[in-house]
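# Architecture at a glance
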Amino acid sequence: MAWDFSTDEAFEEQLVWMRGFIREEIMPIETLSLNHDQVVRLIRPLQEQVKSRGLWAAHLPVELGGVGFGQVKLGLMHEILGQSMYGPVVFGNNAPDSGNAELLAAGMEMTGREDIKERWLTPLLSGAIRSGFSMTEPNTAGSDPRLLKTRAEKDGDEWVINGRKWYTTNGSVADILIVMEVSNPEVHPYQGSSMFVVPVDTPGLTILRDVGSMDDPDVVYGRFGNHAEILYEDVRVPADHLIGPEGSGFLLAQTRLGPGRIHHCMRWLGQSQRAFDMMCERALSRYTHGSFLAEKQTIQNWIADSKAEMHAARLMTLHAAWKMDQVGASASRDEIAMIKYFGANVLHNVIDRAIQTYGSLGYSSDMPLEAMYRAARAARIYDGPDEVHRQTVARHALKNYEASEVPSDHIPTRAAAAREKFADVLEFLEADSA
Ligand SMILES: Cc1cc2nc3c(=O)[nH]c(=O)nc-3n(C[C@H](O)[C@H](O)[C@H](O)COP(=O)(O)OP(=O)(O)OC[C@H]3O[C@@H](n4cnc5c(N)ncnc54)[C@H](O)[C@@H]3O)c2cc1C
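Scope of this entry: the structure provided in the associated data block. Because the structure is a prediction, the values reported are computed rather than measured.

Quick look at empty space enclosed by the protein now. With the rule as written, the count across this model stands at 1 cavity of 30 Å³ or more. The computed volume of the largest cavity comes to approximately 30 Å³. Lining the largest cavity, in full, are C265, W268, L269, S272, A313, T317, G343 and V346. At the level of elements, α8 (249-285), α9 (297-327) and α10 (333-358) are the ones that each hand at least two residues to the lining of the largest cavity. Top contributing element to the lining of the largest cavity by residue count: α8, with 4 residues.

Below, the discussion takes up the site of the ligand. Taken together, 18 residues lie near the ligand, and F133, T136, G142, S143 and Y167 sit nearest. The separation between a nitrogen atom of the ligand and a polar main-chain atom of Y167 is 3.2 Å. Q391 places a polar side-chain atom, nitrogen or oxygen, 2.9 Å from a nitrogen atom of the ligand. Taking 980 Å² as the accessible area of the ligand by itself, protein coverage stands at 66%. Among the elements of the structure, β1 (131-134), β3 (158-169) and α13 (386-398) are those that each provide at least two residues to the shell around the ligand. Per-element tally for the shell around the ligand: the top contributor is α13, with 3 residues. The residue makeup of the shell around the ligand, split by class, is 9 nonpolar, 8 polar and 1 charged.

Okay, the environment of S52 next. Looking at the element boundaries, S52 is found in helix α2 (residues 36-52). On the basis of relative accessible area, S52 is assigned to the exposed category, the value being 64%. In terms of polar contacts, S52 uses its side chain to reach the backbone carbonyl oxygen of Q49, at 2.8 Å.

Moving on to the side chain of D97. Tracing the backbone through its elements, the reader meets D97 in helix α5 (residues 97-111). With no salt bridge to any partner, buried D97 finds its closest opposite charge in R130, at an N-O distance of 6.4 Å. In this structure the side chain of D97 is engaged in a polar contact, spanning 2.6 Å, whose partner is the side chain of S131. Leaving out residues up to four positions away in the same chain, D97 has contacts with L124, R130 and S131.

Cut-offs used in this document
Residues numbered from 1 in each chain as written. Predicted model: local features only at pLDDT ≥ 70, side-chain atom pairs only at ≥ 80, totals over all residues. Heavy atoms only, no water. 1 Å grid on protein atoms, 1.4 Å probe; cavity = no way out; pocket = protein on both sides within 12 Å on 5 of 7 lines; lining within 4 Å. Points joined across faces, edges and corners; volume = space filled by probe spheres on them. Helix = DSSP H or I, 4+ residues; strand = E, 2+ residues; numbered from the N terminus. Near = heavy atom within 4 Å. Polar contact = N/O pair within 3.5 Å; in protein donor to acceptor, adjacent residues only side chain to side chain. Areas by Shrake-Rupley, 256 points an atom, 1.4 Å probe, with all protein chains shown as cover. Nonpolar A, V, L, I, M, F, W, Y, C, P; charged D, E, K, R; others polar. Buried < 20%, exposed > 50% of the residue type's maximum accessible area, 1.4 Å probe, protein only. Lys, Arg positive; Asp, Glu negative; His and termini not counted. Salt bridge = Lys/Arg side-chain N within 4 Å of Asp/Glu carboxyl O. Contact = heavy atoms within 4.5 Å.

Take it as geometry only, folks, not as evidence of what the structure does.
Next comes the structure, spelled out in structure tokens:
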């Protein structure tokens, strides 16, 4: 029987290296006010180190230039990379490029089209081009992609796309966008939606703005990590820009979102651990009302609750990763949904407690906590709002039950049934004790 919570020795060595690398080489970059191009140049030698250790783009199979790690290894790796906002980009697996690479790879697998690799996948993996994923629309509920309105209509050898999208992360710095839209309104959206590669310089495509957000209220257009609002007006793309077969949009989305959620959750744990470390350090250092914060029960409760919640989230996430490796994304749907809302809330709560422990310093931008908190708030919305995942889990759980007018565990009813079941024995026992 295998029930093993250990990491194999060779991989543990890689993790040890990653921990040191993130702390010594990557975290210091966070404190410098650099623009995107400066960051790109600064991190290039670091990316080379990652490549030379065989850890670049580890989410993809070897034949596509990745490492072919399963989800458990990737999860453990993302827990470390997630500690710094620059971790994923230095390791060649930052969102949305990593998810988009997986979509392109899935499209290749579905169609056997090798040209996708050369045209988009290899340049994306090498960092030669950048990408965005354009699904959410301002005027339809992103939580229910069956309502998408953006249309793609076939016209000869081309598809013509019309619609409006927003929150396309990195849209304003991307070279290509992967756009999801309705390609056949006559059938159910699960069969009638498709994804296309749309180069950003295609006529008819207008990037209207980068949307200011809680993360960046005074947004400056064209920065890495911004979220673009994009208008598609008679945007024409050749038929070979379709990823996967026509109608496979939802299938592709599932391919992308399953592993992506595991990686998000593990990165959130990296962030939570960082906030936890800060909280503990402050608790031991700040003296008030006759003792250090660490000696006050409320603070001890925050530390104890945070540790337990992070531990639970970690076990749940690694279990979901393990299950995905064993039986695939579809059979792991509930586990993936549970870690999404559980993990997002753990992240939020741990950072919130750390800020409270620091008081005014925690609220100030002299500490990274306030920025971490703003980013954490989004985690409850993106990748499907928490409520939708809860609904999925509850719906599946309820399938195992039936309505019953009298509760199955109603004690008087059960007692009557038990008396009937054991009538002979009870008669004997009562007679015996009389
Ligand atoms: C930081 C960030 C980055 C993003 N990046 C991208 C990107 O790169 N590409 C992209 O396409 N999109 C992106 N998004 C958009 C994201 O995917 C959507 O915001 C998300 O799917 C929710 O859609 P919505 O905002 O339209 O909310 P709505 O669908 O309007 O939902 C609003 C609220 O309604 C409630 N709700 C919805 N359904 C239910 C239900 N069944 N039961 C109970 N309550 C419910 C929830 O509380 C939900 O938060 C990003 C969003 C954020 C915040």
